[in-house]
Amino acid sequence: MKEAPAATAAVSIKNPQEVRSKSEAASHSRSRPGSASPHGRGASTAKNAAESEMLGAVAELNSKAIRFKKFETLLEQPLVDMEQLKKLSWMGVPEEIRHIVWKLLMGYLPTNSAMREKILAMKRHEYDEYVTQQFTEGKAGLDQALVHQIHIDILRTNSNIPLYQEPVIQESLERILYIWATRHPASGYVQGINDLATPFFQVFLQSHVNGDVETARISDLPLEVVREVEADTYWCLSRLLDGIQDNYTHAQPGIQRQIARLKELINRIDEGQLYSHFQKEGVEFIQFSFRWMNCLLMRELPLKSTIRMWDSYQAEGIEGLSEFHLYVCAAFLVKWSNDLKKMEFQDIIQFLQSAPTADWGDRDIELLLSEAFMWKSLFGSSPQHLKTS
């Protein structure tokens, strides 16, 4: 675990030495002699393949180091150019600085670097006051029905990840959701919002942990760090939900509109073959895509893949996030089109409720995002294309 950071650490930029040193190590290893001399064509082929793989790894590491430097230069400016930050972020944000970049993209941190520490301290203090007001008597004075609903959902949140089985993390997430719900009575708490809190929480906590935060020993962290992460998560989640709040008001009209648009979009893609097959099998889009819209595909993807996807989502801006998500859902559905067209009703529903994405990594997500960008380019500027004939 890292030592408890100073107040300025939350908005500082890590040294990119780790990225650079990996690149240098990979480069040096190319000239390192092997322990045995290869003999025969098979050994030569294997050696060439290994060298090709190594060169690819070196190129990738060098590219990462260059991208890191671009982010670093941009973030060190007195006034961050948000348009440039969005362009860089769309292609992915380095883990080492993701916690800063996300706070900027969500409008939580100001672009003026001189104001960041002051604003951060002020917002964290404001959240602490919310906690004090609500939890003065512990849970005894709270809305017990709401407490129970949130508690049950938190117990099921990312149940396969050790981090989210930690009582201190569960209690932190419960406070975030309870306070958000009581301060937003028009919608209140809706199942699915619990999922949306976790990418922020994980990214912000990762900045305080060496190694993989999902398996880290959180008990080694000072409680103050967890409370700061909690506050930052609350404010960024609030910003996110402000942009999609009609997804969670009565009857969830935002989600209903998105499902209708997805249905229309799929009717125009793949020459309508998948759409027609769904009609033939009696498959309704709401049966599988309600969850896609409600949880922003989080239950269909590994959490780390969601985090990479949210780099691009946040680069689209709070206003554009929901629109772009529609095209990501379309790309996700079309990806399985050939398989789905061979299935009957029950198999289709089962497949779409447990799509084979457990082994997905950044490249799978980037391919999905590229497909979504293509569909948005084709249909996004021509709304009439999304109207059924």
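Source: prediction; values computed, not measured.

Q: Help me understand helix α10 (residues 253-268), please; the structure alone is not making it clear to me.
A: Since the α-helix packs 3.6 residues into each turn, any two residues three or four apart lie on the same face. Given a rise of 1.5 Å per residue, 16 residues ought to cover 22 Å, and the 23 Å separating the end C-alpha atoms of α10 matches this to within 8%. The set of residues buried in α10 consists of Gly254, Ile255, Gln258, Ile259, Leu262, Leu265 and Ile266. All buried residues of α10 project into a common sector of 130 degrees when viewed along the axis, lining one side. Elements that come into contact with the buried residues of α10 comprise α11 (273-281), α12 (286-294), α14 (318-335) and α17 (362-379). Among the residues trailing α10, Asp270 stands out with phi positive, at a value near 60 degrees.

Q: Teacher, can you tell me more about the environment of Ser322 here?
A: When you line up the elements, Ser322 lands in helix α14. Here the alpha-carbon distance between Ser322 and Ile255, two residues 67 residues apart in the chain, equals 9.8 Å. Apart from the residues lying within four places of it in its own chain, the contact partners of Ser322 are Ile244 and Gln258.

Q: What should I look at first to understand the packing of aromatic side chains in this one?
A: Aromatic rings considered in pairs are described by the distance between their centres and by the relative angle of their planes. The tally for this structure, following the rule as stated, stands at 23 aromatic pairs. Measuring from centroid to centroid gives 5.9 Å for Phe332 and Trp336, while their planes differ by 85 degrees, and the two rings are edge-to-face. With a relative accessible area of 0%, Phe332 lands in the buried category. On the basis of relative accessible area, Trp336 is assigned to the buried category, the value being 8%. Relative to Phe351, the ring of Trp336 has its centre 5.4 Å away and its plane inclined at 70 degrees; by these criteria the two rings are edge-to-face. On the criterion of sequence distance, the pair formed by Trp336 in the loop between α14 and α15 (337-340) and Phe351 in helix α16 (residues 345-353) is long-range, its members being 15 residues apart. By the burial criterion, Trp336 is buried, and Phe351 matches it. Linked through ring pairs, Tyr275, Phe278, Phe285, Phe288, Trp292, Phe332, Trp336, Phe351 and Trp360 together constitute an aromatic cluster.

Q: Please explain helix α8 (residues 193-206) as it appears in this structure.
A: Under the 1.5 Å per step criterion, the end-to-end length of α8 is 21 Å for 14 residues, consistent within 8% with the ideal 20 Å. Burial within α8 is extensive, with 14 of its 14 residues counted as buried.

Q: Looking at this structure, how should I read the packing of α14 against α17?
A: To characterise two packed helices, one gives the angle between the axes of the helices and the distance between these axes. Relative orientation of the contacting elements α14 and α17 amounts to 115 degrees, with a least axis distance of 8 Å. Of the possible angle classes, the one that applies to α14 and α17 is roughly perpendicular. In this structure, α14 meets α17 at a crossing whose hand is right-handed. Residues Glu323, Phe324, Tyr327, Val328, Ala331 and Phe332 of α14 pack against Leu368, Leu369, Glu371, Ala372, Phe373, Trp375, Lys376 and Phe379 of α17. Residue composition of the contact of α14 with α17, grouped by class: 11 nonpolar, no polar and three charged.

Q: What exactly am I supposed to notice about the environment of Leu163 here?
A: For Leu163, the location among the structural elements is in the loop between α6 (144-156) and α7 (167-183). Discounting chain neighbours no more than four positions away, the residues touching Leu163 are Ile169, Gln202, Leu205, Val213, Glu214 and Ile218.

Q: When you look at the nonpolar core in this model, what are you seeing that I'm missing?
A: If you look at the biggest cluster of nonpolar residues, it comprises 118 residues, and the most contacted ones within it are Leu85, Leu196, Phe278, Leu333 and Leu340. Contact partners of Leu196, with chain neighbours within four places excluded, come to Leu237, Leu240, Leu241, Ile244, Tyr248, Asn294, Cys295, Leu296, Met298 and Trp310.

Conventions adopted
- Residues numbered from 1 in each chain as written.
- Predicted model: local features only at pLDDT ≥ 70, side-chain atom pairs only at ≥ 80, totals over all residues.
- Heavy atoms only, no water.
- Helix = DSSP H or I, 4+ residues; strand = E, 2+ residues; numbered from the N terminus.
- Expected span 1.5 Å × (residues − 1).
- Buried < 20%, exposed > 50% of the residue type's maximum accessible area, 1.4 Å probe, protein only.
- Arc of directions from axis to C-beta.
- Contact = heavy atoms within 4.5 Å.
- Phe/Tyr/Trp six-rings, centres within 6.5 Å; stacked < 30°, edge-to-face > 60°.
- Axes fitted to C-alpha atoms, helices over the stretch in contact; angles between N-to-C directions.
- Parallel < 35°, antiparallel > 145°, perpendicular 65-115°, else oblique.
- Left-handed = near helix turned anticlockwise from the far one by under 90°.
- Nonpolar A, V, L, I, M, F, W, Y, C, P; charged D, E, K, R; others polar.
- Core = buried A, V, L, I, M, F, W, Y, C linked by side-chain atoms within 4.5 Å.

These values are about where atoms sit, not about what they do.
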